[in-house]
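Residues per chain, in single letters:
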Amino acid sequence: MNVITTMAYRQIRRFTRARSRIIGTILHPIIWITFFGLGWSRALNFPEAKALFGGVDYLTYLVPGIVAITIFTTSFMSGMSVIIDKDYGFLKEILVAPVSRSKAIFGRILGDSTTSILRGIIILLMCAFITHINILGVIPVLIIGVLLAFTFSSIGISFALKMNNLEGFGLVMNMITLPLMFLSGAFYPISSLPIWIRIFAYINPLTYAVDGMRYFLIGKSQFPIVMDFGILSVLCVVFLSIGMYLFEKATIE
Amino acid sequence: MKKYKYAIEVKNLTKKFETFAVNDVSFKIKKGEIFAFLGPNGAGKTTTINMITTLLRPTSGSIKVAGYDTVKHPNDVRNIIGIVFQDSTLDRELTAYENLYIHGRIYGYRGDDLKNRINSMLKFVELENHANKVVKTFSGGMKRRLEIARSLIHNPEILFLDEPTIGLDPQTRSHIWEYIERMKKEYNMTIFLTTHYMEEAESLADRIAIIDNGKIIAIGTVDELKSMIGNDMIYLKFANNLDSECVKNILNILNEHFGNSNIINGIFEIRVKNANESIPKIFEIALKNSWKILEVSYRKPTLNDVFIHLTGKSIRERGGNFDMKKIFAKRRGML
Ligand SMILES: Nc1ncnc2c1ncn2[C@@H]1O[C@H](COP(=O)(O)OP(=O)(O)OP(=O)(O)O)[C@@H](O)[C@H]1O
Ligand SMILES: [Mg+2]
């Protein structure tokens, strides 16, 4: 238990030290909401559009997506800190400690997930003032956020453990984040995509997080909520296990 | 606490990357001993430490630490060792205190006990006034001291120091030597250190292994190693310019008494077993022959002389820019 809480503590402590990082990751979604959301919300202010977005204005439609994307990108960045730890040697300090590696990496994922969920909450609360989301939905949305954060922290860390430099990780991150974002239903319903692209949306974990959050915040969703939870939980367990396994096997060779 | 005679037993240890980084190395370190690996860049020092400390798997051979096999029981080994790595492994974003705190918690300490340990270790390395500063702002010497403090938090029985004073100024270096000596005295710790500074090995270590190209080429106490090439050198300079007749005469007399005498650039060079005993004798002879000696000096053989004797090159010879580049390249590619 000591190891899990200590590693989580370390990740959170590092996060609170880096003020510029905090501001940056909160500023990013705000830019989306204001410059992207407000603009389109005006442009799409006619009945047919509202019908397409489940009967709400576009800005409200956008909120679950922005929250999910915030959690997704920041937790994926977990991997970045693993690479930094390799570079600066801190990882060796963990590898040579008489502790369970799975617990150490779990603690790390826990800490990183906490910080990214925190950012999600901040965005959510800010949006609550300017849109028509269901504020009571925040609690179940957080649970989805936890599953989402764990899943992508694990994915980010798994990539990082197999990679040697920040540039390579940045490349992977850029290649992965943009498609996942646009193919998640965050900005428009998946149903408006051509069939062959829709397939990619269906295998995208982010899709189910966006859909589940939308269910609780707006009351509309494309898939049954049980399915969203089910798929996210399974993915979470799978990727968490992969991350733990890879860290268990990590050496300095 | 487990009882053991040898803190470390290494048998036929080999590690192969593209080539052999460590090549059939065997040695034993007694409990409470300070043991040094002395060798040039790329000799295989760090690779050996990485294997002993369970970070790398040997290609072949076996290692026991306090009786535990490093491959079969890595966590038992990890429990009783402390390490200061060659390259810093501190968390630069956190404070000195937080670094020690995290380390202590990971090793199972908590509460007041941990707090006391942290404070006493910070005091030990004289960083108590920098406890709450972020490590990023520390000088190289402060980082090293903090790492030493961290490696001691969990009371290890065996401590590994990989080039503990590399890149530090002489003053900081002698500080760290002092810590190392105190660790041995106060905690009866077994210490394995690597270095390419001869003075460091010489002044700290009970026994030294000289390593080059992945092989141990000599092992023993400082005196044992030096006795491999034998002798002290005594140098004599005479007052007046001597003619060749005179020189011949003096050489004859010196050879009669000591053997192994020479003249190089007008200075007489005598190889003796023990300079301290031979110098008075030289004065007796000088008195008898009414020689006028202007200067006497003597030199004990250095470990570098031993290294040159064994390998035909100096330890420092390969320490230039070329190797720094290699070190950085190596660091980048790690893990
Ligand atoms: N991970 C690795 N992959 C490939 N080769 C390696 C690796 N680590 C070390 N080597 C090689 O093994 C040899 C021994 O390296 P090692 O780091 O053990 O030397 P060292 O004695 O610690 O030198 P230094 O004084 O530079 O620290 C070198 O030739 C090095 O290039
Ligand atoms: Mg080294």
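Nothing here was measured: the structure is a model prediction, and the numbers come from that model. (Residues numbered from 1 in each chain as written. Chains lettered and ligands numbered in written order. Predicted model: local features only at pLDDT ≥ 70, side-chain atom pairs only at ≥ 80, totals over all residues. Heavy atoms only, no water.)

**So, the overall build of chain A**
- For chain A, the count of helices and strands is twelve helices and zero strands.
- Listing the helices and strands of chain A from first to last along the sequence gives α-α-α-α-α-α-α-α-α-α-α-α.
- For chain A, the proportion of its 253 residues judged to be buried stands at 56%.
- Looking at chain A alone, contacts between residues at least 24 apart form 79% of all its contacts between residues at least 6 apart.
- For chain A, the accessible surface area stands at approximately 10800 Å², while carbon and sulfur atoms represent 73% of it.
- When the 19 positive and 11 negative side-chain charges of chain A are each reduced to one mean point, those points stand 5 Å apart. (Helix = DSSP H or I, 4+ residues; strand = E, 2+ residues; numbered from the N terminus. Buried < 20%, exposed > 50% of the residue type's maximum accessible area, 1.4 Å probe, protein only. Contact = heavy atoms within 4.5 Å. Areas by Shrake-Rupley, 256 points an atom, 1.4 Å probe, with all protein chains shown as cover. Lys, Arg positive; Asp, Glu negative; His and termini not counted. Charge placed at Lys NZ, Arg CZ, Asp CG, Glu CD.)

**Description of the domain arrangement of chain B**
- As assigned here, chain B comprises domain 1 (6-80 + 156-226 + 316-334) and domain 2 (231-300).
- The centre of domain 1 of chain B, based on its C-alpha atoms, is set 41 Å off from the matching centre of domain 2 of chain B. (Domains from an automatic or database assignment.)

**So, helix H12 (residues 225-248) of chain A**
All names here are of chain A.
- Its 24 residues place the ends of H12 34 Å apart at the C-alpha level, agreeing with the 34 Å of an ideal helix rising 1.5 Å per residue.
- Among the residues of H12, those classed as buried are Ile-225, Asp-228, Leu-232, Cys-236, Leu-240, Gly-243, Leu-246 and Phe-247.
- Where the residues of H12 are buried, they touch helix H6 (90-95), helix H7 (101-130), helix H8 (138-161) and helix H11 (205-218). (Expected span 1.5 Å × (residues − 1).)

**Thoughts on the interface of chain B and chain A**
- With 37 residues of chain B at the interface, the matching set in chain A holds 30 residues.
- Together, the buried faces of chain B and chain A total about 3300 Å²; carbon and sulfur atoms form 56% of this surface.
- Where chain B packs against chain A, one counts five salt bridges.
- Among the salt bridges present, the one from Arg10(A) reaches Asp91(B), with a minimum N-O distance of 2.6 Å.
- Taken together, the connections running from chain B to chain A amount to eleven residue pairs in polar contact (both at pLDDT 80 or more).
- Contributing elements (two or more residues each) for the side of chain B that touches chain A: helix H2 (74-80), helix H3 (96-106) and helix H12 (321-332) of chain B.
- With six residues, H3(B) is the largest single contributor of residues to the side of chain B that touches chain A.
- Each residue belonging to the side of chain B that touches chain A can be placed in one class, and the counts come to 15 nonpolar, eleven polar and eleven charged. (Buried area = accessible area lost by both parts, 1.4 Å probe. Salt bridge = Lys/Arg side-chain N within 4 Å of Asp/Glu carboxyl O. Polar contact = N/O pair within 3.5 Å; in protein donor to acceptor, adjacent residues only side chain to side chain. Nonpolar A, V, L, I, M, F, W, Y, C, P; charged D, E, K, R; others polar.)

**Observations concerning the coordination of the magnesium ion (ligand 2)**
- Every protein donor of the magnesium ion (ligand 2) is listed here as Thr46(B) (OG1) and Gln86(B) (OE1), and their distances to the metal cover 1.8 to 2.0 Å. Of the two residues, Thr46(B) is situated in helix H1 (residues 45-52) and Gln86(B) in the loop between strand E6 (81-84) and H3; the sequence distance between them amounts to 40 residues. (Donors = N, O, S within 2.8 Å, 3.2 Å for Na, K, Ca; no water.)

**Quick look at a negative patch on the surface**
All names here are of chain B.
- A cluster of acidic residues, Glu-126, Glu-128, Glu-178 and Glu-181, forms a negative patch on the protein surface.
- Of note, Glu-126 is situated in the loop between helix H4 (111-124) and helix H5 (140-152).
- Judged by relative accessible area, Glu-126 falls into the partly exposed class, the value being 39%. (Patch = residues over 30% accessible without salt bridge, like charges linked within 9 Å, V, L, I, M, F, W, Y side chains within 5 Å.)

**Some words on the sheet that holds strand E8 (residues 190-195) of chain B**
Residues and elements named next belong to chain B.
- Judged by pairing direction, the sheet is mixed, and its six strands sit side by side in the order E6-E7-E8-E3-E9-E10 without closing on themselves. Every other strand in the sheet has two partners, leaving E6 and strand E10 (215-220) as the edge strands with one partner each. Neighbour-to-neighbour, the strand axes of the sheet open up by a mean angle of 15°, direction not taken into account.
- Pairing of strand E3 (residues 34-38) with strand E9 (residues 207-212), which is carried by four bridges, proceeds in the parallel orientation. By the bridge assignment for E9, Phe-37 is matched with Ala-209.
- Together, E3, E9 and E10 form the strand contacts of helix H11 (residues 303-311), whose direction differs from that of E9 by roughly 40°. (Pairing = 2+ DSSP bridges. Axes fitted to C-alpha atoms, helices over the stretch in contact; angles between N-to-C directions.)

**What to know about the nonpolar core**
Residue and element names in this part refer to chain B.
- Formed by 162 residues in total, the largest nonpolar core has its most connected members in Ile-8, Phe-27, Ile-158, Met-183, Phe-192 and Ile-208.
- If we skip the residues at most four places from it in the chain, Met-183 touches Phe-124, Ile-148, Leu-152, Leu-159, Asn-188, Met-189 and Ile-191.
- Leu-236, Phe-238, Ala-275 and Trp-291 belong to the second-largest nonpolar core, a separate cluster that totals 18 residues. (Core = buried A, V, L, I, M, F, W, Y, C linked by side-chain atoms within 4.5 Å.)

**Remarks on unusual backbone geometry**
Residue and element names in this part refer to chain B.
- The phi torsion at Asn-12 lies on the positive side, around 50°, for a residue other than glycine.
- For Asn-12, the location among the structural elements is in strand E1 (residues 6-16).
- Of note, the phi angle at Asp-24 is positive, near 55°, even though the residue is not glycine.
- For Asp-24, the location among the structural elements is in strand E2 (residues 20-30).

**Notes on the sheet that holds strand E12 (residues 261-264) of chain B**
Residue and element names in this part refer to chain B.
- In space, the four strands of this open sheet follow the order E12-E13-E11-E14, with antiparallel pairing throughout. Each of the sheet's edge strands pairs with one partner strand only, and the pair in question is E12 and strand E14 (293-299). With strand direction ignored, the average angle separating the axes of adjacent strands in the sheet is 25°.
- Note that E12 and strand E13 (residues 267-272) share four bridges and pair antiparallel. Note that in E13 the partner of Ile-264 across the bridge is Ile-267.
- Across the sheet, helix H10 (residues 275-288) lies against strand E11 (232-238), E13 and E14, angled at about 165° from E14, the strand it touches most.

**Section: the environment of Ile23(A)**
- You can see Ile23(A) is positioned in helix H2 (residues 19-43).
- Linking Ile23(A) and Arg119(A), residues 96 residues apart in sequence, is a C-alpha distance of 9.9 Å.

**Examining the pattern of salt bridges**
- Counted according to the given criterion, the structure contains 17 salt bridges over all chains.
- When the shortest N-O distance is used, the salt bridge between Asp85(A) and Arg10(A) registers 2.7 Å. One end of the pair, Asp85(A), is in helix H5 (residues 78-87); the other, Arg10(A), is in helix H1 (residues 2-17), and 75 residues separate them in sequence. There is no split in this pair, since Asp85(A) and Arg10(A) are both buried.
- Its salt-bridge partner being Arg150(B), residue Glu93(A) comes within 3.5 Å of it at the nearest N-O pair. Highlighted residues: Glu93(A) in helix H6 and Arg150(B) in helix H5, drawn from two different chains.
- On the basis of relative accessibility, which here comes to 5%, the residue Glu93(A) falls in the buried class.
- Members of the salt-bridge network, linked through shared partners, are Arg10(A), Arg14(A), Asp85(A), Arg108(A) and Asp91(B).

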